[in-house]
Each structure stands twice: as structure tokens, then as C-alpha cells.
Protein chains: 2
Amino acid sequence: MSELKNDRFLRALMRQPVDRTPIWMMRQAGRYLPEYRASRAQAGDFMSLCKNHELACEVTIQPLDRYPLDAAILFSDILTIPDAMGLGLYFETGEGPKFNKIVRTEADVQELKVVNTEADLGYVLKAVSTIRSELNGRVPLIGFSGSPWTLATYMVEGGSSKDFRHVKAMMYNTPEVMHQLLDVLARSVIDYLNAQIRAGAQAVQIFDTWGGSLSDVAYQEFSLKYMKQIVDGLTRENDGAKVPVILFTKGGGQWLESMADTGADALGLDWTTDIGSARTRVGDRVALQGNMDPSVLYASPEKIRSEVKRILESYGTGSGHVFNLGHGIHQFVDPENARVFVESVVELSADYHS
Amino acid sequence: MSELKNDRFLRALMRQPVDRTPIWMMRQAGRYLPEYRASRAQAGDFMSLCKNHELACEVTIQPLDRYPLDAAILFSDILTIPDAMGLGLYFETGEGPKFNKIVRTEADVQELKVVNTEADLGYVLKAVSTIRSELNGRVPLIGFSGSPWTLATYMVEGGSSKDFRHVKAMMYNTPEVMHQLLDVLARSVIDYLNAQIRAGAQAVQIFDTWGGSLSDVAYQEFSLKYMKQIVDGLTRENDGAKVPVILFTKGGGQWLESMADTGADALGLDWTTDIGSARTRVGDRVALQGNMDPSVLYASPEKIRSEVKRILESYGTGSGHVFNLGHGIHQFVDPENARVFVESVVELSADYHS
């Protein structure tokens, strides 16, 4: 593997000194970019894009060619594991992800296909190694997975949900079956992320998109517990380099202390949390990633710049901050506004590092 | 007006001793009840039900005839004010509320019709006085309004939204226009709630359904500031009785301290906040209302009961707690499960009051 030319992102995750705050954007390879839409049109549908390692590599690198970003993130879907378990993932236009089979009973959980990561998710690993090779040390590559709870919501609801009616009924009525499902998922995620690390991922992020739908107590028992199991099970070193782990629970601002207790290296923050207060709360236990409201990218360049400044000021001086949006970049954002955002972080952040 | 026979709810809001924890449910008059669906079918569409004071009174009282609830809440819609401003509210089946006119520019704000509460919203006031008279002192009647920010989201987006793209662009790009709109709304809400109080509302709740979509800083400036303006402008006494004010920001668990600073009597909590920790944070400044996850009502009677017990235990002994769900009751809930919920609070809560 070629030497890493830009290690700002990895250093900030480990709270080591950096010359400026590193930046990447969740969903940076996405529909807001015309070149992404062209690649996707070439692939056909969304899953065909994920399963074609050359096109997945192409779209992963597109935002790096436009903006001075400090990390690349594997282009893939969060639902690859449930798909590999035999649920039959498909996408309906304008409707989000759907599954042919749903999981609601103990029998359903027992019928899930045991995932053989190398065989069933080889297309993801091939994408990782292709991207890593193509990056040639330009920036680090982030691997990722959905959290067990987040994957379970889609598997039980059969797709996206507003009220999580079925998955919560299952959780409250048959907690032991929900725990079985979450344990199977946690073990699959560990295998999956470790395989991504072996294939070349230099950091990994666990996306807990729907942990914030849970009560305080249920979050600890049904989401955080399994993310801790994953953190404990990951190979956190590869080829002599540390592989940091980032936990991101959207809507998890009230639970940062217990998230830090998992032993993760960094926590992702959505925009509802003041990053300066978050830093005070977690101390030097973890780095923080975030946290500009993605909707600020609909505003003027001046406003984007002033929001970047405000967040840098709130975090304060010293390392341990990875700049990002508080959630994925929206599809209707003007790519020029994304440029203003990234360049503002590059230009304004050096003052916060000595 | 006849004497109030059950003042538990009002006493708890003022943190005065009670024999047991009072309970009501957000959206307790709603689609989960067959008798509500019958009244609504009789009215025709949703707004016709709101505008018919006899039917609005009928559906307000229906849940009280089923369950031992400690408060009634006016049956109405949160978008009556924007409708009275001339935006033309209508409901499309399965699509939620929509407006014929949308508000995005300074000219749009200036063209808004000045609301004359008595004339334009007389149907709501008539419903309040009818319900109050029909209740005949059985339980107190709660009046309500949407918060200025929440109303603005619908007025600018033209209906419901997932990403609040237009309203946030307006807020970030033309904050002075957004402040004009929010100020007009705050003044209308003050008039509206004061008129509800004069008509007989014995407590009022401000529903800030979408404040939780904002960043920490934007919440303070664009939502909380205007709710404080409302709290300051309300007539908080009527006929010699104090009229308590409840603030509820869904997703506002991180901001309870500043919400308590508004001078409101009570804060509503969604289910993501541990009510015991919330009590520690706000001390004796405000009462707390909440906060069971509405999805627990899809669970078994045993589980519903154990969640009620857990929340009572978390709040602890003494007054200042009004039991409620953390958001409105879902339409697919079995009314018998709602009964188990209410009766569990009635049965289990006396132990927490001496």
C-alpha cells in the first residue's frame, strides 16, 4: 500500500495535533453531483452502482476531484447486510429501500441466512480494495456499516418508517427475539467491518440513523449495547496503523457520555447539539465529528462561511475535531455551495491549531 | 362557570401536592377512537369538524367518557392561524395539511391578512366555550396553539416537510424577513391564546413540533425567543384562577434549561429524555409533562404497565409531574391499550404522593 499523503483526518480522530481541521461530508458521493448522476445512469439502478466496483470507485473519488476533502468514504448502501441475509433489497422510485421478506418473529430470525462476508459481500470488499488502490495514499478511506438497531428497523418494517410501529412492538413485546436479531446483526457487522479493514478501510463509521427514535432506556439496551459489542469486536489496527472507529447516532445528543463509554475513538454529532458543550461533556475521551446543519448549504456563501466560523469557534482550539455536516448532504444542494463549505473549513480552521 | 371537580392537572402544573399523578394524552381525541371516526364522517372533512363547535365539543369529550383522564384538550388544528391569515388551508387524503398560498418573501409576509381573533377564529372560541360549559367542571380544559416557528415551517414549505429546505433557506438567507414573520405569528398566537383563556381555557400548551429540526443556536433565536414572547404576553390568570402555560418542543431534550428560563409553568418532554434527569436539570422551576413513547401502546398490557411504573419511578416522589405520552397517540393503537395506559397511571401513581 502506498504511503498516506494526508493523515489529518486520522490524526484528528486520535486527537493528535493537526495543521487545520480536517473535513469530509456524509453522503459526499451523491445525487447533488452531476457526475454522480451520470455514473448512476450508466449503472442503471442504485444497487447495480453499489455492486459494480469500478463505478463505486469512480463515484467515491468524484467529490475528491472537486473539493479539498480530507477523507473518502466507501460508496455503498447501509442495507447490504440484510440483503445478504436473504431479504431481497430493492428500491422503488421515490419510495426508498424495500425488502421482499420481512422479519417479525423468532422463526423469521432463525431463517435468516448466515452471512459469509467474503462470499456474499465480496462486491463491497472489492470496491474497498479498488478505491484504496485508486486513492494511492491521497486521503484515508472510511469504511462503514449501519448499526444493528438501524438495520433491524428496515428489516422489521420492510423499508423506511415514520413511527417504527412494527419494530417497536417487537422490541416491547418480544425483547428476547429482538435481542436475538440484534446479536446476529452485531456479529455480522463485526465480520463485515473487519473485512473492510482487511481490504483497506483506514477508519470505520457506524451509522445509527434511527437510534434517536428510542427512549433513553431503550437506546441503551437495544442500540448502544450492540454498537459497543461491535467496537469491542473490531480489529482496530491494520498494517501497523490504528483504525479509528466513529459512532454516529442521529438525535443522540443527550447520550454522548454513554456513547463515549463504548470505547469508540470519535462521536458524530448532528446539528442540534452545540459542539462546544459536547466537548466539555466528553472531555478528552473521544474526538468529535460534525456538525453543521446540511440545510445551511441552501444559504448564501457568506452565511455558510459564518456558520463554519461559528462551529470552529464553539469547538475551540486544539485537535479532536473532524468537520462534517450533521447528516448527509441533501440532493438539491448546489455543488458550488458545497465548495464554499469545504473551502471555508480549509481557510478558517488553521487559526484554531498552533 | 361551575366549580372544578378535578384540579389534579392544574395543581401538578403548579407543583402543588396531589393525591396521584394526573394524566392526559396528546391527541386523545383522535382517529384511534371509533366514536371519533364516526363524528368525523358526520362532519365530512377534518376542517369541517374543527369548525363545527358542537361536533368539536363532542369529540373533545369522547376520550373522557372512556378513560379516567384528568384534562380535556380543545379539539382543533394547529394551522388555524395561518388559515385565518389567508393562506387557504386544506387537507389532501394521506398527504397532511397543504396551503394554497405560500410565504417566502418580505412581500408575502406583508400581504398576510391581519388576524382578528374574535372574527376570524370565532369558531375556535365558540368551541372552547361550548366544551367548557359541557364539561361542567368535570376536568380542566386545555387550549393550545402551534409555536411561531412550527407554524412558519408549514407556511413557507406549503405543507409538511422532511428537510425544511425552503424555511431554512429563508431563515439563513433573510433572517430579518423570518423574524418579521415570526413576530407577526407570535403576536397572533398571544391574541389567540388570550381569547381562548377568556372563552374558558384553564391551561394552555404551545406545540413546537418542529423546533427540534433546528441547530442549538437557531432554536434559541428562531423558536424559543418567540415562545418566550408568547409566555410574556399571556393573561395568566382568569376569574381569579391561575392559567398555567406548558411549552413542548419535540426533540428539545437538550434545551430544557433555556426552555425553563422562559417563565413557562411546565415543559413537555418527548420520550428520548429521561424524566428523572430532566427533573434534576430544571429543579423546582417548572413542572414536567410526559413522556412515554407512544409506540409502547402497541405492546402488551404488562409492558405498558411496566413502562408506566418505570417513568413514575424515574420522576420520583412529589408533585410536578403530569403523565402523558411523548407525542400524540398513533391512529393504529387499540383503544383498550390506551385504557391500560391511563388506568396504570391512576393505579400506580398514588404511591409517589403522600
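Residues numbered from 1 in each chain as written. Chains lettered and ligands numbered in written order. Predicted model: local features only at pLDDT ≥ 70, side-chain atom pairs only at ≥ 80, totals over all residues.

A. Inspection of the overall build of chain A at higher detail. When its secondary structure is counted, chain A shows 16 helices and 11 strands. A globule of 354 residues ought to have a C-alpha radius of gyration of about 20 Å, and chain A, at 19 Å, matches this closely. For chain A, the spread of C-alpha atoms along the three principal axes comes to 60 × 45 × 40 Å. Each of the 354 residues in chain A was classed as buried or not, and the buried ones make up 54%. Counting only contacts in chain A whose residues sit at least 6 apart along the sequence, the fraction spanning at least 24 positions is 71%. (Helix = DSSP H or I, 4+ residues; strand = E, 2+ residues; numbered from the N terminus. Rg over C-alpha atoms; globule rule 2.2 N^0.38 Å. Buried ≥ 20, exposed ≤ 12 C-beta atoms within 10 Å, placed from the backbone. Contact = placed C-beta atoms within 7 Å.)

B. Just the sheet that holds strand β1 (residues 72-73) of chain B, in detail. Residues and elements named next belong to chain B. The strand order across the open sheet built from seven strands is β1-β4-β5-β8-β9-β10-β11, with neighbouring strands paired in parallel fashion. Lying at the two open borders of the sheet, with one neighbouring strand each, are β1 and β11 (321-325). Here strand β10 (residues 287-292) pairs with β11 via five bridges, running parallel. Residue pairing in the sheet places glycine 290 in a bridge with phenylalanine 323 of β11. Where helix α12 (residues 216-233) meets the sheet, it contacts β5 (203-208) and β8 (245-249), and its direction lies at approximately 165° from that of β5. (Pairing = 2+ DSSP bridges. Axes fitted to C-alpha atoms, helices over the stretch in contact; angles between N-to-C directions.)

C. Molecular detail of the packing of helix α9 (residues 148-157) of chain A against helix α11 (residues 175-199) of chain A. Residue and element names in this part refer to chain A. As a packed pair, α9 and α11 sit with axes 9 Å apart at the nearest point and diverge in direction by 120°. Taken together, the axes of α9 and α11 lie oblique to each other. Every pair of crossing elements has a handedness; the one defined by α9 and α11 is right-handed. The segment α9 lies against α11, with Pro148, Trp149, Leu151 and Ala152 engaging Leu181, Leu182, Leu185, Ala186 and Val189. Of the residues in the contact of α9 with α11, the class split is nine nonpolar, no polar and no charged. (Parallel < 35°, antiparallel > 145°, perpendicular 65-115°, else oblique. Left-handed = near helix turned anticlockwise from the far one by under 90°. Nonpolar A, V, L, I, M, F, W, Y, C, P; charged D, E, K, R; others polar.)

D. Spatial organisation of the relation of the copies chain B and chain A. Its rotation angle being 180°, the transformation that places chain B on chain A also includes 0.0 Å of axial translation and leaves an RMSD of 0.0 Å. In symmetry terms, the pair is related by a two-fold rotation axis. If distances are taken from each C-alpha of chain B to the rotation axis, the shortest is found for glutamine 254 of chain B, at 3.2 Å. (Least-squares fit on C-alpha atoms with pLDDT ≥ 70 in both.)

E. Geometry of the sheet that holds strand β1 (residues 72-73) of chain A. All names here are of chain A. Within the open sheet, the seven strands sit side by side as β1-β4-β5-β8-β9-β10-β11. Their pairing is parallel. On the outer flanks of this sheet lie β1 and β11 (321-325), each paired with one strand and no other. Inspection of the sheet shows strand β5 (residues 203-208) paired to strand β8 (residues 245-249) by five bridges, in the parallel sense. Paired with isoleucine 206 across the two strands is leucine 247, which belongs to β8. Strands in contact with helix α12 (residues 216-233) are β5 and β8; relative to β5, the strand with the most contacts, it is inclined by about 165°.

F. Geometry of the interface of chain B and chain A. Counting residues at the interface gives 28 residues for chain B, matched by 28 residues for chain A. Counting residues per element, the ones that place at least two in the side of chain B that touches chain A are α10 (165-173), α12 and α15 (301-315) of chain B. Take the side of chain B that touches chain A: its biggest share by element is five residues, from α10 of chain B. Counted by class, the side of chain B that touches chain A contains nine nonpolar, 11 polar and eight charged residues.

G. How the structure looks around helix α14 (residues 275-282) of chain B. Residue and element names in this part refer to chain B. Residues of α14 that are buried: Ile275, Ala278 and Arg279. On an axial view of α14, the arc spanned by its buried residues comes to 100°, and they lie on one face. For α14, the elements touching its buried residues are α13 (256-260), β10 and α15. One or two residues past the end of α14 sits glycine 283, with phi positive at roughly 60°. (Arc of directions from axis to C-beta.)

H. Seen up close, helix α5 (residues 80-87) of chain B. Residues and elements named next belong to chain B. Taking burial as the measure, the eight residues of α5 include seven buried ones, the bulk of the element. Buried residues of α5: Thr80, Ile81, Pro82, Asp83, Ala84, Met85 and Leu87, and no others. Positioned one or two residues after α5, glycine 88 has a phi angle of 75°, which is positive.

I. Local environment of the confidence of the model for chain A. Confidence in the prediction for chain A averages 97 pLDDT; 100% of positions are at 70 or higher. The ipTM for the predicted assembly is 0.94, set against a pTM of 0.96. (pLDDT = per-residue confidence, 0-100.)

J. Representation of the nonpolar core within the structure. Grouped together as the largest cluster of nonpolar side chains are 242 residues, with contacts concentrated most on Leu74, Ile142 and Leu267 of chain A together with Leu74, Ile142 and Leu267 of chain B. Every residue in contact with isoleucine 142 of chain A, bar those within four places of it in the chain, is listed here: Ala71, Ala72, Ile73, Leu74, Ala201, Ala203, Val204 and Gln205 of chain A. (Core = buried A, V, L, I, M, F, W, Y, C linked by C-beta atoms within 7 Å.)

K. How the structure looks around unusual backbone geometry. Residue asparagine 291 of chain A is bonded to the preceding glycine 290 of chain A through a cis peptide linkage, with omega at -5°. With respect to the helices, strands and loops of the structure, asparagine 291 of chain A is situated in strand β10 (residues 287-292). Positive phi, normally seen in glycine, also occurs at arginine 15 of chain A, with a value near 55°. Structurally, arginine 15 of chain A can be placed in the loop between α1 (8-13) and α2 (34-43). Residue asparagine 136 of chain B is not a glycine yet carries a positive backbone phi of 55°.

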